[in-house]
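# Inside the fold
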Amino acid sequence: MSVDYPEHPPKTPSDEELGRMSRDELSKLGMKLDGVELVEYPDPWPVKGTRAEKRAERAVAFWFGLSGLAGLACVAAFIFWPAQYVAANEPGHFWYSLYTPVLGLTFGVAVLAIGIGVLVYTRKFIPHEIAVQERHDGGSAELDKATITAQLATAGNDSTFARRPMIKRSLAFGGGVLGLALTVIPLGGFLRNPHAQSSNEDGLLHTGWMQHGDEKVFLRRDTGDSSQVELVRPGDLDAGAMETVFPFRESERGDHHALVHGLKRADNPVMLIRLRPEDAAKVVKAEGQEDFNYGDYYAYTKICSHLGCPTSLYEQRTNRILCPCHQSQFDALQYAKPVFGPATRKLAQLPITVDPDTGYFISTGDFTEPIGPAYWERKS
Ligand code: FES
């Protein structure tokens, strides 16, 4: 196809002439200034108000509407769907297990539907122009900026968007609700007071190791069978060994839900480490936590102080506790303070001793500092 390029650059109008020019004239002038030749500019609907045009309009509105409904469903699921952990085989586990898939599905449909709506609108209502432009270097002059603004306005006008209220309303609904979903999900945590339960073990400041009255909290190992209770006592670990332990109270014996909950609760896992005697002699203890250990046994939370991954690796040779997520390392000989990687706070230490009546390990209290990553009110 041969194209006759416009004379470039065309005569530049004065400021006064520029002020008198209509939007259409400015738009055409802009094209000339850019060396653009409009080869084809077909109106997608030369005959207005046909049934096909209305059908296309309804199709666009359908996708925007579907996006809005899916966005609403996402917000509703975020607020009302049961999100609290329910163990397998417990009533309500099925609905709990659907929480994340429902959020993902509704949000995905909302984004997909709005994308399809925009695509359909572009295909059906935006003129499919063919234009040819010469290449040129350098930035844009004031004149170019004024004319491109006019061209964009003309393009908006030609898209007929302004005179299609059904599409405008459905887009406002779909886009608005999607925006609401995008806002509610990150800000949703603010709807619930994180300290509403601060005085009990479900609060941010406590864990499953919290004491209830005089009842002893034993250190229990996970055997793979949640109904089996196996407690830990000195001598169970070789020097230089580490074992993950969970809280257990006698009142929980035979209570399936409580036994499962004790093993599953996110802030319960604790690393019980038995240092080698020669290493134990080098230990530096945290201030105020001098009696948290029992002999060579030290108990640290397994929840990384960086972003909360399980710090599940203990290297006996260097006495380092390693978090596999971002390679933070903590020194078990120095109150588990961070010595490498992005973590900046030590791992919280659980105070332990041995129960004189049974000979098993017990904790003498909950952690004295919050475990896991930082949050606003956290002091340490
Ligand atoms: S979560 Fe442990 S290093 Fe990042």
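Residues numbered from 1 in each chain as written. Predicted model: local features only at pLDDT ≥ 70, side-chain atom pairs only at ≥ 80, totals over all residues. Heavy atoms only, no water.

If you check an unreviewed UniProt entry, the protein chain appears there as Cytochrome bc1 complex Rieske iron-sulfur subunit from Actinophytocola gossypii.

### Quick word on the pattern of salt bridges
The final tally for this structure, using the stated rule, is 17 salt bridges. A salt bridge links Glu-315 to Arg-317, with the shortest nitrogen-to-oxygen separation between them at 3.7 Å. Judged by its relative accessible area of 38%, Glu-315 is partly exposed. Classification of Arg-317 as exposed rests on a relative accessible area of 64%. The structure contains a network of salt bridges with shared partners spanning Arg-221, Glu-230, Asp-236 and Glu-243. (Salt bridge = Lys/Arg side-chain N within 4 Å of Asp/Glu carboxyl O. Buried < 20%, exposed > 50% of the residue type's maximum accessible area, 1.4 Å probe, protein only.)

### Re helix α8 (residues 256–264)
It helps to recall that an α-helix has 3.6 residues per turn; residues three or four apart then point in one direction. When we look at burial in α8, the residues that qualify are Ala-258, Leu-259, Val-260, Gly-262 and Leu-263. As for α8, its buried residues are in contact with β3 (217–221) and β5 (242–248). Residue Asp-255 occupies the N-cap position of α8, its side-chain oxygen lying 3.2 Å from the main-chain nitrogen of His-257. (Helix = DSSP H or I, 4+ residues; strand = E, 2+ residues; numbered from the N terminus. Contact = heavy atoms within 4.5 Å. Polar contact = N/O pair within 3.5 Å; in protein donor to acceptor, adjacent residues only side chain to side chain.)

### Description of the UniProt feature "transmembrane region" (unreviewed entry) in the protein chain
In the numbering used here, UniProt assigns the feature "transmembrane region" (unreviewed entry) to residues 60–81, 101–121 and 171–191. Span residues 60–81 is 95% helix and 0% strand, its end C-alpha atoms 30 Å apart. With 100% helix and 0% strand, residues 101–121 has end C-alpha atoms that lie 30 Å from one another. (UniProt positions renumbered as here; feature names shortened; annotations may be inferred.)

### What to know about a positive patch on the surface
On the surface, a cluster of positive charge is contributed by Arg-51, Lys-54, Arg-55, Arg-58, Arg-123, Lys-124 and Arg-163. For the positive patch, the secondary structure elements donating two or more residues are α3 (51–80) and α5 (99–125). Looking at which element gives the most residues to the positive patch, the answer is α3, with 4 residues. By the secondary structure assignment, Lys-54 is in helix α3. Look at Lys-54 and you get partly exposed, because its relative accessible area is 43%. (Patch = residues over 30% accessible without salt bridge, like charges linked within 9 Å, V, L, I, M, F, W, Y side chains within 5 Å. Areas by Shrake-Rupley, 256 points an atom, 1.4 Å probe, with all protein chains shown as cover. Lys, Arg positive; Asp, Glu negative; His and termini not counted. Charge placed at Lys NZ, Arg CZ, Asp CG, Glu CD.)

### Concerning the side chain of Gln-349
Residue placement: Gln-349 occurs in the loop between β11 (337–340) and β12 (352–354). If near-sequence neighbours (up to four positions away) are discounted, Gln-349 is found in contact with Gln-289, Phe-292, Asn-293, Tyr-298, Ala-299, Tyr-300, Phe-367 and Glu-369.

### Observations concerning the state of the cysteines
Enumeration over the complete set of coordinates arrives at 1 disulfide. Each disulfide pairs two cysteine sulfurs, and for Cys-309 the partner residue is Cys-325, the sulfurs being separated by 2.0 Å. Taking the sign of the torsion about the S-S bond as the criterion, the disulfide between Cys-309 and Cys-325, at about -85 degrees, is left-handed. Residue Cys-309 is found in the loop between β7 (297–301) and β8 (313–315), and its partner Cys-325 is found in the loop between β9 (320–322) and β10 (329–331); the two are separated by 16 residues along the sequence. When its relative accessible area of 18% is taken as the criterion, Cys-309 is described as buried. A relative accessible area of 36% places Cys-325 in the partly exposed class. (Disulfide = S-S within 2.5 Å.)

### Brief notes about a nonpolar patch on the surface
Residues Leu-69, Leu-72 and Phe-173 make up a contiguous nonpolar surface patch of about 260 Å² in total accessible area. Looking at where Phe-173 falls in the secondary structure, it is placed in helix α7 (residues 165–187). On the basis of relative accessible area, Phe-173 is assigned to the partly exposed category, the value being 33%.

### Some points on the UniProt feature "domain: Rieske" (unreviewed entry) in the protein chain
With numbering aligned to this structure, UniProt lists the feature "domain: Rieske" (unreviewed entry) at residues 267–361. Each end of residues 267–361 is marked by a C-alpha atom, and these two atoms are 19 Å apart; helix forms 4% of the span and strand 28%.

### Here's the deal with the pairing of β5
Taken across its 7 residues, β5 has 6 buried, putting it largely inside the fold. Here β3 pairs with β5 via 4 bridges, running antiparallel. Paired with Phe-218 across the bridge in β5 is Phe-248. Looking at chain direction, β5 and strand β6 (residues 270–274) are connected through 4 bridges and run antiparallel. In the sheet register, Glu-243 faces β6, and the bridge partner there is Leu-272. (Pairing = 2+ DSSP bridges.)

### Topic: the packing of α5 against α7
As a packed pair, α5 and α7 sit with axes 10 Å apart at the nearest point and diverge in direction by 150 degrees. As far as their axial angle goes, α7 and α5 are roughly antiparallel. The chirality of how α5 crosses α7 is left-handed. Two secondary-structure elements touch here, α5 through Phe-107, Ala-110, Val-111, Ile-114, Tyr-121 and Phe-125 and α7 through Ile-167, Leu-171, Gly-174, Gly-175, Leu-178, Ala-181 and Leu-182. (Axes fitted to C-alpha atoms, helices over the stretch in contact; angles between N-to-C directions. Parallel < 35°, antiparallel > 145°, perpendicular 65-115°, else oblique. Left-handed = near helix turned anticlockwise from the far one by under 90°.)

### So, α7
With 23 residues, α7 ought to run about 33 Å at 1.5 Å a step, and its terminal C-alpha atoms sit 32 Å apart, in line with that. All of the buried residues along α7 are Ile-167, Ser-170, Gly-174, Val-177, Leu-178, Ala-181 and Val-184. On its buried face, α7 is in contact with α3 and α5. (Expected span 1.5 Å × (residues − 1).)

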